[in-house]
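Spelled out, the chains give:
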Amino acid sequence: MRILMVCLGNICRSPMADGHLRKKVKDLNLDVFVDSAGTANYHVGEAPDKRMIATGAKFGTPIDDLRARQFKVRDYDDFDVIYCMDSSNLQNVLALARNEQDRNKVRLILNELQPDANLAVPDPYYGTMADFEAVYDLLDSATDCVIEKIQNGKIR
Ligand code: 4NP
């Protein structure tokens, strides 16, 4: 199983989602490869935002070793599930889909917590530390649901 987390810049939300899921699959010894990417190229090669790194470190999920990259069509071949943080990311990822098989891989991550609610992980980039902590918590819960689905064989 290979899972990709996607946001806009790949420096705030998707690295945190990536970090949470990597840590959980490692702790549970699950055979799952996790990565993340941004739909934009603004921050390619950069470490995550300092505020997201600090939040991850404060609450026990370090993400300082991750580096930003841009989502590419090839990711459709390399991943089984592509989780987007908001509907704008989803539209940008879907715009690169080549066929129905590609499109079926793309989901909103918060639909794992609240199916069909189509909620967004709010972009914290112009926000406060409280916004970063809220992102941390939301993605901790959402990745718990992803883990549960993997363990129950329910990720298609
Ligand atoms: P992310 O947050 O998509 O969660 O990584 C953002 C990071 C950078 C920018 C926007 C959102 N930016 O405009 O540079």
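Look up a bit, the structure's there.
Residues numbered from 1 in each chain as written. Predicted model: local features only at pLDDT ≥ 70, side-chain atom pairs only at ≥ 80, totals over all residues. Heavy atoms only, no water.

Q: Describe in detail the overall build of the protein chain, supporting the description with residues and values.
A: Along the backbone of the protein chain there are six helices and four strands. The linear arrangement of helices and strands in the protein chain, starting from the amino end, is β-α-β-α-α-β-α-α-β-α. The C-alpha radius of gyration computed for the protein chain amounts to 14 Å, which stays within 12% of the reference 15 Å derived for 156 residues, consistent with globular compactness. Looking at the protein chain alone, contacts between residues at least 24 apart form 70% of all its contacts between residues at least 6 apart. When the accessible area of the protein chain is evaluated, it comes to approximately 7,800 Å², of which 48% is carbon and sulfur surface. Of the side chains in the protein chain, 20 bear a positive and 24 a negative charge, and the two mean positions are spaced by 3 Å. (Helix = DSSP H or I, 4+ residues; strand = E, 2+ residues; numbered from the N terminus. Rg over C-alpha atoms; globule rule 2.2 N^0.38 Å. Contact = heavy atoms within 4.5 Å. Areas by Shrake-Rupley, 256 points an atom, 1.4 Å probe, with all protein chains shown as cover. Lys, Arg positive; Asp, Glu negative; His and termini not counted. Charge placed at Lys NZ, Arg CZ, Asp CG, Glu CD.)

Q: Mind laying out helix 1 (residues 13-27), listing which residues take part and the relevant values?
A: With 15 residues, helix 1 extends 21 Å from end C-alpha to end C-alpha; this agrees with the ideal 21 Å at 1.5 Å per step. In terms of residue burial, helix 1 counts as a mostly covered element, since eleven of its 15 residues are buried. Among the residues making up helix 1, those that are buried are R13, S14, P15, M16, A17, D18, G19, H20, L21, K24 and V25. On its buried face, helix 1 is in contact with strand 1 (2-7), strand 2 (33-38), helix 2 (50-59), helix 4 (87-94) and helix 6 (129-151). Within two residues after helix 1, N29 carries a phi angle of roughly 60°, on the positive side. (Expected span 1.5 Å × (residues − 1). Buried < 20%, exposed > 50% of the residue type's maximum accessible area, 1.4 Å probe, protein only.)

Q: Now, about the sheet that holds strand 1: what can you tell me, with residues and values included?
A: Read from one edge of the open sheet, four strands run 2-1-3-4, paired in parallel fashion. Unpaired on one side and paired on the other, strand 2 and strand 4 (106-108) mark the two borders of the sheet. Along the sheet, successive strands turn relative to each other by an average axial angle of 25°, direction set aside. Bridging between strand 1 and strand 3 (residues 81-84) involves four bridges; their strand directions are parallel. (Pairing = 2+ DSSP bridges. Axes fitted to C-alpha atoms, helices over the stretch in contact; angles between N-to-C directions.)

Q: Please provide a residue-by-residue account of the pattern of salt bridges, values included.
A: A full pass over the atoms with the stated rule returns 16 salt bridges. The closest approach of N and O atoms between E133 and K58, which form a salt bridge, is 3.0 Å. Placement of E133 in helix 6 and of K58 in helix 2 is noted, with a sequence separation of 75 residues between them. Look at E133 and you get partly exposed, because its relative accessible area is 25%. Here R98 ties to D77 by a salt bridge, and the two come within 2.8 Å at their closest N and O atoms. (Salt bridge = Lys/Arg side-chain N within 4 Å of Asp/Glu carboxyl O.)

Any functional reading would require information beyond the geometric quantities listed.
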